[in-house]
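Breakdown of the fold
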Amino acid sequence: MSKMDEFMGAEVKRLKEADLDWKIHVLGSASLPHSVVDGKQVLMLCSNNYLGLSNHPKLKKAAIDAVEKYGAGSGSVRAIAGTMKLHIDCEKTLANFKGTEAALLFQTGFMANSGMIPQIAGEGDLIISDELNHGSIIDGVRLTKAERGIYKHKNMEDLRRVLEEAKKKNYGKIWIITDGVFSMDGDIAPMPGIVKLAQEYGAMTYVDDAHGDGVLGRNGRGIVDHFGLHGKVDIEMGTFSKAFGVVGGFICGSATMREYALNKARTFLLTGSHPPAVVAACKAAIEVLDEDPSIVKKLWENTKYFKGKLKTMGFNTGESETPITPIIVGESSKAQKLSLMLFNEGVFALPIIFPMVAKDKARIRTQVSAALTKGDLDFALEKTEKCGKELKIIN
Ligand code: PMP
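Only a predicted model underlies this, so the values are computations on that prediction, with no experimental measurement involved.

1. Describing the side chain of Thr325
On the secondary structure map, Thr325 appears in strand β10 (residues 324–330). A polar contact is formed between the side chain of Thr325 and the side chain of Lys307, at a distance of 3.3 Å. Those residues in contact with Thr325, other than ones at most four positions away along the chain, are Lys307, Leu310, Thr317, Ser320, Ile364, Arg365, Thr366 and Val368.

In structure tokens:
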């Protein structure tokens, strides 16, 4: 065995023995409400495709047309020869939709966070994070020389405490960074409180709205629109990989911020730009949302119906306020069993266990989509109730 395989094999074995390894499930169909997963026809209840846009005819047509006209690849990084008119058009459409001066595309949301955060603070600065922020924020923060502060999840008293302590240290810049919608619990960041404290203490604000774009606000304009905070949040980061149904990260804010980012963020500068199909489909997704409020409306109708029924059955859906609906069951083994039983019954929803969530808060995380019919939701509810009773999660 090679030296590499020796150490990697040992770690994989450890993960497997602790049941902490990822089992990759394979889709044999498009990501649809009724998908084929590992060869079995199942109801999709754990995709980020909140609006079903990944299979929307307008997005598909935009992608195909872009390939016909511009080819399969862009040929370069954005800063050299890889900025096509398509990229600029998409950024303008996005900024317009979000109500910001400008927007800048990144390859993924992960790359937006991990590339941008290291550029907004350095030595002598402070970045303050919600304790449950996404891993891409955490990795971005790890790449800075700035000091880090953490506040208790959504706790504004605790954020004030960190800001008070910061006063004594005379930092240069202070940033507060938060997820907009928290991806494990589906709860919403208290943005008005964060903005108020930021103003009081002279801090800047950065929100990762990966799960809020296409979900919150008018026609899915996101958390800033939801709270009416236009112009008060410095950087709105987001992704095209979830409700928008494609792939790609972005930051929205002032034109100066965009110019700074495109000169500084290494994950923008040193990577090939999106192929034409991707960027054309992203632009089409925004246009579909902008034109048709009924999709987001349907998402919320489905969410309220599904969550309401689960609660009536006696399931614990935690603090969820959005289509991300955890069914909290306690022990990891129970969550794993529930997920497996549901799969056998034709419902695909994965377990989320320690270390992703606390040991006693294992869950399956369901994600509602606008593409699901009432019949689909009733099917999922019936199966969840049946399995929940068998596992004695509910009575
Ligand atoms: N932020 C949050 C809160 C997320 O949930 C995710 C996706 N898991 C990302 C960022 C990364 O987005 P992308 O998939 O575009 O890399």
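2. Some thoughts on the packing of helix α12 (residues 294–313) against helix α14 (residues 374–390)
Contact geometry for α12 and α14: axes closest at 11 Å, N-to-C directions at 20 degrees. It follows that α12 is roughly parallel to α14 by the angle criterion. Between α12 and α14 lies a crossing of right-handed hand. In contact with Asn302, Tyr305, Phe306, Lys309, Leu310 and Met313 of α12, α14 contributes Lys374, Leu377, Asp378, Ala380, Leu381, Thr384 and Glu385. In terms of residue class, the contact of α12 with α14 is built from seven nonpolar, two polar and four charged.

3. A word on helix α4 (residues 109–120)
Between its terminal C-alpha atoms α4 stretches 16 Å, which fits the 16 Å expected from 12 residues at 1.5 Å a residue. When we look at burial in α4, the residues that qualify are Gly109, Ala112, Asn113, Ser114, Gly115, Met116, Ile117, Pro118, Gln119 and Ile120. For α4, the N-terminal cap is Thr108; the gap from its side-chain oxygen to the backbone nitrogen of Phe110 is 3.3 Å.

4. Considerations on the domain arrangement of the protein chain
Segmenting the protein chain into domains produces domain 1 (25–54 + 293–390) and domain 2 (57–291). Distance between the C-alpha centres of domain 1 and domain 2: 27 Å. For the domain 1 and domain 2 pair, buried surface summed over both sides reaches about 1900 Å², with 62% attributable to carbon and sulfur atoms. Where domain 1 touches domain 2, the interface holds two salt bridges. For Glu321, the salt bridge identified is with Lys154, shortest N-O distance 3.6 Å. Inspection of the domain 1/domain 2 interface yields nine residue pairs in polar contact (both at pLDDT 80 or more). Elements with a contribution of two residues or more to the side of domain 1 that touches domain 2: α12, β10 and β13 (362–367).

5. Some words on the pattern of salt bridges
This model, assessed by the stated rule, comprises 29 salt bridges. Here Arg258 makes a salt bridge to Glu91, at a shortest N to O gap of 2.6 Å. Of this pair, Arg258 sits in helix α9 (residues 255–264) while Glu91 sits in helix α3 (residues 85–98), placing them 167 residues apart in sequence. One salt bridge in this structure joins Arg363 and Asp185, with 2.9 Å as the shortest N-O distance. Taken together, the residues Arg363 in strand β13 and Asp185 in the loop between β6 (174–179) and α7 (191–201) connect sequence positions 178 residues apart. No difference in accessibility class separates Arg363 from Asp185, as the two residues are buried. Through salt bridges with shared partners, a single ionic network connects Glu345, Glu382, Lys383 and Lys386.

6. Points about helix α2 (residues 57–70)
End to end, α2 covers 19 Å across 14 residues, agreeing with the expected 20 Å (1.5 Å per residue, within 8%). By the burial criterion, the buried members of α2 are Leu59, Ala62, Ala63 and Ala66. Here the buried residues of α2 occupy an arc of 95 degrees about the axis, which is enough to place them on one side. Turned more than 90 degrees away from the buried face of α2, the exposed residues are Pro57, Lys61, Ile64 and Glu68. Residues of α2 that are buried make contact with α3 and α11 (276–291).

7. Brief notes about unusual backbone geometry
Of the consecutive residues Phe354 and Pro355, the connecting peptide bond is found in the cis state with omega at 10 degrees. Structurally, the position occupied by Pro355 is in the loop between β12 (351–352) and β13. Backbone geometry at Asp19 places phi at a positive 60 degrees, although glycine is not the residue there. Even without being a glycine, Lys392 presents a positive backbone phi close to 60 degrees. Relative to the assigned elements, Lys392 resides in the segment after α14.

8. Regarding the packing of α2 against α11
Remark: α2 packs on α11, axes separated minimally by 8 Å, with the N-to-C direction vectors making an angle of 145 degrees. Both α2 and α11 take part in a crossing whose hand is right-handed. When α2 is examined against α11, the residues Lys58, Leu59, Ala62, Ala63, Ala66, Val67 and Tyr70 are found in contact with a partner set consisting of Pro276, Ala277, Ala280, Ala281, Ala284, Ala285, Val288 and Glu291. When grouped by side-chain class, the residues that make up the contact of α2 with α11 number 13 nonpolar, no polar and two charged.

Conventions adopted
- Residues numbered from 1 in each chain as written.
- Predicted model: local features only at pLDDT ≥ 70, side-chain atom pairs only at ≥ 80, totals over all residues.
- Heavy atoms only, no water.
- Helix = DSSP H or I, 4+ residues; strand = E, 2+ residues; numbered from the N terminus.
- Polar contact = N/O pair within 3.5 Å; in protein donor to acceptor, adjacent residues only side chain to side chain.
- Contact = heavy atoms within 4.5 Å.
- Axes fitted to C-alpha atoms, helices over the stretch in contact; angles between N-to-C directions.
- Parallel < 35°, antiparallel > 145°, perpendicular 65-115°, else oblique.
- Left-handed = near helix turned anticlockwise from the far one by under 90°.
- Nonpolar A, V, L, I, M, F, W, Y, C, P; charged D, E, K, R; others polar.
- Expected span 1.5 Å × (residues − 1).
- Buried < 20%, exposed > 50% of the residue type's maximum accessible area, 1.4 Å probe, protein only.
- Domains from an automatic or database assignment.
- Buried area = accessible area lost by both parts, 1.4 Å probe.
- Salt bridge = Lys/Arg side-chain N within 4 Å of Asp/Glu carboxyl O.
- Arc of directions from axis to C-beta.

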